[in-house]
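# Secondary and tertiary structure notes
Here is what each chain is made of, one letter per residue.
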Amino acid sequence: MHLRKFYGMSSPGFGLRLSQKFLFLLFLSGLITLCFGALFLLPDSSRFKRIFLARPQTQNVFRDLSYPAKKLNKKKPEDADKKIDLTSVDLNSGRVKSKLRTSPDFDAENEKVGFAPYKKDEDVSGEPRDQSDPAQSTFEKESTSFDKRKLQFKFDFKKFQNNLRHPPLGKGEKVEDPETREKRMKIKEMMKFAWDSYKQYAWGKNELRPLTKNGHVGNMFGGLRGATIVDALDTLYIMELNEAFQDAKNWVEKSLDLNVHGEASLFEINIRFVGGLLSAYYLTGEEMFREKAIELGDKLLPAFSTPTGIPRGIINLGNGMSWSWGWASAGSSILAEFGTLHLEFVQLSQISGNPLFTENVMNIRKFLKRIEKPHGLYPNFLSPVSGNWVQHHVSVGGLGDSFYEYLIKAWLMSERTDLEAKQMYYEALEAIEAHLVKRSVGGLTYIAEWRGGLLDHKMGHLACFSGGMIALGAADAREDKKKYYMDLAAQITHTCHESYSRSETKLGPEAFRFDFGSEAMATRLSERYYILRPEVVESYMYLWRFTHDPKYRQWGWDVVKALEKYCMVETGFSGIRDVYTTTPNHDNVQQSFFLAETLKYLYLLFSEDDLISMEDWVFNTEGHPLPVNHTNIKFSKREH
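## Thoughts on the overall build of the protein
- When helices and strands are counted, the protein shows 20 helices and 21 strands.
- Per-residue burial over the protein gives 59% buried out of 640 residues.
- Of the roughly 25700 Å² that the protein leaves accessible, carbon and sulfur atoms contribute 53%.

This is the structure we're talking about:
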């Protein structure tokens, strides 16, 4: 092989003079130092950083009960205006609503939640920690700790059940008109069709692809399977589809494997899997649901191991490592994600006796309460490391939505004792009212987005949940605000209805705008799709229950007809890519939240008010009913 000769080198040995060797080594060492140091400047989401720099070992939160619940931190998502590939499974959380609507905060005293106090030098069983086997792996210790806690603590389900104001499925005493019953039965048939199609072609997978008649697993559940099954559990139970519910229960018991290793969305795992399992437990009392909910909740706790306690958005369910989304600038966490954990984590403490769940989300709240907020508004991105807002983008739709939802619902779930949640909710709502609520030239009330002082006059489909949220909180507002908020809720819900009625399919777009002479219509091709979202019918359901105005049932029935006409295919339901054409182009995904939320809210819209009564239940952001804490529930050790 021919070797090029370099000045200063002897050809036989390629030797370097001493001064040249010194300069070469100095240059090489500097280059290595520069490259290694650059790793520390990469965002937390960088795969290179995760490969070359091992994260600190997450503390064993069950063996070390002095583990502090830390303050919450957020990450940052891509601009919502980016074009979305409707064939991507990531549409499931195209809720980059948060949904990505997404994480919770709540404060409960030990006596209210009913914890047995833990001591620093004891494990969860109350026994002194056994450190005699240092070779025992962290995983084995966590597993042992979980098994002990699972066996030692018992939730008093009968006491909980006896304190409900109404049976979960209602008393069924009132005679309803045949037309309403017929419409409800139609929605039940749609649910059965969606479920049967999933069971036939995608059983055990996360969601059904109805056009290609297969299922997909997706990449946001960290290797977990059966998202549609867990998401649909309570809907099947509420609709009394007993055989289907039994099939779902059997699958969860025998086939839901939580020992997986993969990159999971903390938000989506919490609202779909943890929320679905919790709801199934509270509705049925089946111990298996409780145990799996706690076990899965345990796997989420390491995400809170950040300098602020604000969890990162992605967690490996196998080893507890967490990081931020790659598209979240500066490694930030997302308001709707870390702000949509509260309801589920408080309930996990209730049924496990482990206060760490509540402590972690309460520290998120305390952090958010004291941090400076521009004009009283909560931006969507927060650094979990520095604790600073990363961008001043505020939205009641994607990336922010369910944070506000969980504040008012934390107040209601505490049976109106969580005054901190109540205060934060109404302060946030007043800031939104002052800076974001606008009225169009045509008289439509909408909630704009705020970007560093500039208003973007658009409203996302995800923001349409806010009509129901504002109605839900109106009764507890100041006396001079009660009627105002109910009127505001009705006006926003009306605007969202207009986004449906102004389309050719009578289904609403992903986002609609109020500029350039257009009102309540999508003006960009990338915003014209509909992926079976629930937020509009969710507000219809709440407004119906508070007002019993028949127009909400009529609007809901219009949605049922549109779903059947444009989204129903031979083997299930599919989103469509353009709501403004009556020749639908389907996206080939039957979202799990279609069964968990859209069909459930439509069914409740045509049911009596005591079916999942709002006196007893609040819905998490995935539509899973969780109970109001009517009593000081205590825990007791199981008898051996």
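## A word on the packing of aromatic side chains
- By the definition in use, this model includes 31 aromatic pairs.
- Aromatic side chains Phe-160 and Trp-617 sit 6.3 Å apart centroid to centroid with 85° between the ring planes, which places their arrangement in the edge-to-face category. Of this pair, Phe-160 sits in helix α5 (residues 157–162) while Trp-617 sits in strand β19 (residues 617–619); the two residues are 457 residues apart in sequence, bridging distant segments of the chain. Trp-617 matches Phe-160 in its accessibility class, with the two residues each being buried.

## Considerations on the nonpolar core
- Among the nonpolar cores identified, the biggest contains 159 residues, and Val-252, Leu-368, Leu-507 and Leu-563 are the most heavily contacted of them.
- Here this core takes 12 residues from helix α9 (residues 266–284), the largest share from any one element.

## Considerations on helix α17 (residues 482–501)
- For α17, which comprises 20 residues, the first-to-last C-alpha distance of 29 Å matches the rise-based estimate of 28 Å (1.5 Å per residue) to within 8%.
- Those residues of α17 that sit buried are Tyr-485, Leu-488, Ala-489, Ile-492, Thr-493, Thr-495, Cys-496, His-497, Glu-498, Ser-499 and Tyr-500.

## Regarding the packing of α17 against helix α18 (residues 535–547)
- Put simply, α17 and α18 touch, their axes get as near as 10 Å, and they point 140° apart. Viewed along their axes, α17 and α18 adopt a mutual orientation that is oblique. In the packing of α17 onto α18, the handedness of the crossing is left-handed. Contacts from Met-486, Ala-489, Ala-490, Thr-493, Cys-496, His-497 and Tyr-500 in α17 reach Val-536, Ser-539, Tyr-540, Leu-543, Phe-546 and Thr-547 in α18.
- Split into classes, the residues belonging to the contact of α17 with α18 amount to nine nonpolar, four polar and no charged.

## Digging into the pattern of salt bridges
- According to the stated counting rule, one finds 30 salt bridges in the structure shown.
- In this structure, the salt-bridge partner of Glu-498 is Arg-502, at a minimum N-O distance of 2.9 Å.
- Judged by its relative accessible area of 15%, Glu-498 is buried.
- A residue is classified by how much of its surface remains accessible, and Arg-502, at 33% relative accessible area, is partly exposed.
- We note a salt bridge from Glu-510 to Arg-533, for which the minimum N-O separation is 2.9 Å. With Glu-510 in the loop between α17 and β16 (511–513) and Arg-533 in the loop between β16 and α18, this pair connects stretches of sequence that are 23 residues apart. One exposure class covers both Glu-510 and Arg-533, and it is buried.
- Taken together, the salt bridges that share partners define one network made up of Glu-449, Arg-451, Asp-456, Arg-513 and Glu-527.

## A look at the sheet that holds strand β14 (residues 454–456)
- One open sheet accounts for three strands, arranged β10-β13-β14; its pairing is antiparallel. Edge strands, defined here as strands with exactly one partner in the open sheet, are β10 (393–394) and β14.
- Bridge count for β10 against strand β13 (residues 449–451) is two bridges, and the pairing is antiparallel. Within β13, the residue paired with Val-394 across the bridge is Trp-450.

## Considering the environment of Thr-582
- Mapped onto the elements of the fold, Thr-582 is located in the loop between β18 (572–573) and α20 (592–605).
- On the basis of relative accessible area, Thr-582 is assigned to the partly exposed category, the value being 47%.
- Other than its neighbours up to four places away in sequence, Thr-582 contacts Glu-504 and Tyr-566.

## Let's talk about the state of the cysteines
- Using the criterion set out here, one finds one disulfide in the structure.
- Cys-464 shares a disulfide with Cys-496; S-S distance 2.1 Å. Measuring handedness by torsion sign, the sulfur bridge of Cys-464 and Cys-496 sits at about -95° and is left-handed. Linking Cys-464 in the loop between β15 (458–460) and α16 (466–474) with Cys-496 in helix α17, this pair joins segments that are 32 residues apart in sequence. For the pair Cys-464 and Cys-496, one class covers both residues: buried.

## A short note on the environment of Ser-265
- Mapping Ser-265 onto the fold places it in strand β4 (residues 263–265).
- For Ser-265, a relative accessible area of 1% corresponds to the buried category.
- Sequence separation between Ser-265 and Leu-317 is 52 residues, and the spatial gap between their C-alpha atoms is 9.8 Å.
- Those residues in contact with Ser-265 that sit more than four places away from it in its chain are Met-220, Gly-313, Trp-325 and Glu-337.

## Description of the sheet that holds β4
- Pairing is antiparallel in the open sheet, where three strands are placed in the order β4-β5-β6. Two strands in the sheet have a free side with no partner beyond their single neighbour: β4 and β6 (322–323).
- Pairing of strand β5 (residues 314–316) with β6 involves two bridges; the strand directions are antiparallel. Note on β6: the bridge partner recorded for Ile-315 is Ser-322.

## Points about the environment of Ala-428
- Take Ala-428: it is sitting in helix α15 (residues 419–435).
- On the basis of relative accessible area, Ala-428 is assigned to the buried category, the value being 3%.
- In sequence terms Ala-428 and Tyr-378 are 50 residues apart; their C-alpha atoms lie 7.8 Å from each other.
- Ala-428 has contacts with Tyr-378 and Tyr-404, leaving out every residue within four places of it along the chain.

## Regarding helix α7 (residues 227–238)
- Counting buried positions along α7 gives 11 out of 12 residues, so the element sits mostly inside the fold.
- All buried positions along α7 are accounted for by Ala-227, Thr-228, Ile-229, Val-230, Asp-231, Ala-232, Leu-233, Asp-234, Thr-235, Leu-236 and Ile-238.
- The positive-phi residue at the C-terminal boundary of α7 is Glu-240, with phi of around 55°.

## Here's the deal with the packing of helix α8 (residues 242–255) against helix α10 (residues 287–300)
- Between α8 and α10, the shortest axis-to-axis distance is 10 Å and the interhelical angle comes to 45°. Here α8 lies oblique to α10, going by the angle between them. At the point where α8 passes α10, the crossing takes the left-handed sense. Along the contact surface, α8 presents Phe-245, Lys-249, Val-252 and Glu-253, while α10 presents Met-288, Phe-289 and Lys-292.

## So, unusual backbone geometry
- The phi torsion at His-375 lies on the positive side, around 60°, for a residue other than glycine.
- One can find His-375 in the loop between α13 (356–370) and β8 (381–382).
- Under the relative-accessibility criterion, His-375 is labelled exposed at 53%.
- At Leu-399, a residue that is not glycine, the phi angle is positive and equals roughly 85°.
- Mapped onto the fold, Leu-399 is located in the loop between β10 and α14 (401–413).

Rules used in this analysis
Residues numbered from 1 in each chain as written. Predicted model: local features only at pLDDT ≥ 70, side-chain atom pairs only at ≥ 80, totals over all residues. Heavy atoms only, no water. Helix = DSSP H or I, 4+ residues; strand = E, 2+ residues; numbered from the N terminus. Buried < 20%, exposed > 50% of the residue type's maximum accessible area, 1.4 Å probe, protein only. Areas by Shrake-Rupley, 256 points an atom, 1.4 Å probe, with all protein chains shown as cover. Phe/Tyr/Trp six-rings, centres within 6.5 Å; stacked < 30°, edge-to-face > 60°. Core = buried A, V, L, I, M, F, W, Y, C linked by side-chain atoms within 4.5 Å. Expected span 1.5 Å × (residues − 1). Axes fitted to C-alpha atoms, helices over the stretch in contact; angles between N-to-C directions. Parallel < 35°, antiparallel > 145°, perpendicular 65-115°, else oblique. Left-handed = near helix turned anticlockwise from the far one by under 90°. Contact = heavy atoms within 4.5 Å. Nonpolar A, V, L, I, M, F, W, Y, C, P; charged D, E, K, R; others polar. Salt bridge = Lys/Arg side-chain N within 4 Å of Asp/Glu carboxyl O. Pairing = 2+ DSSP bridges. Disulfide = S-S within 2.5 Å.

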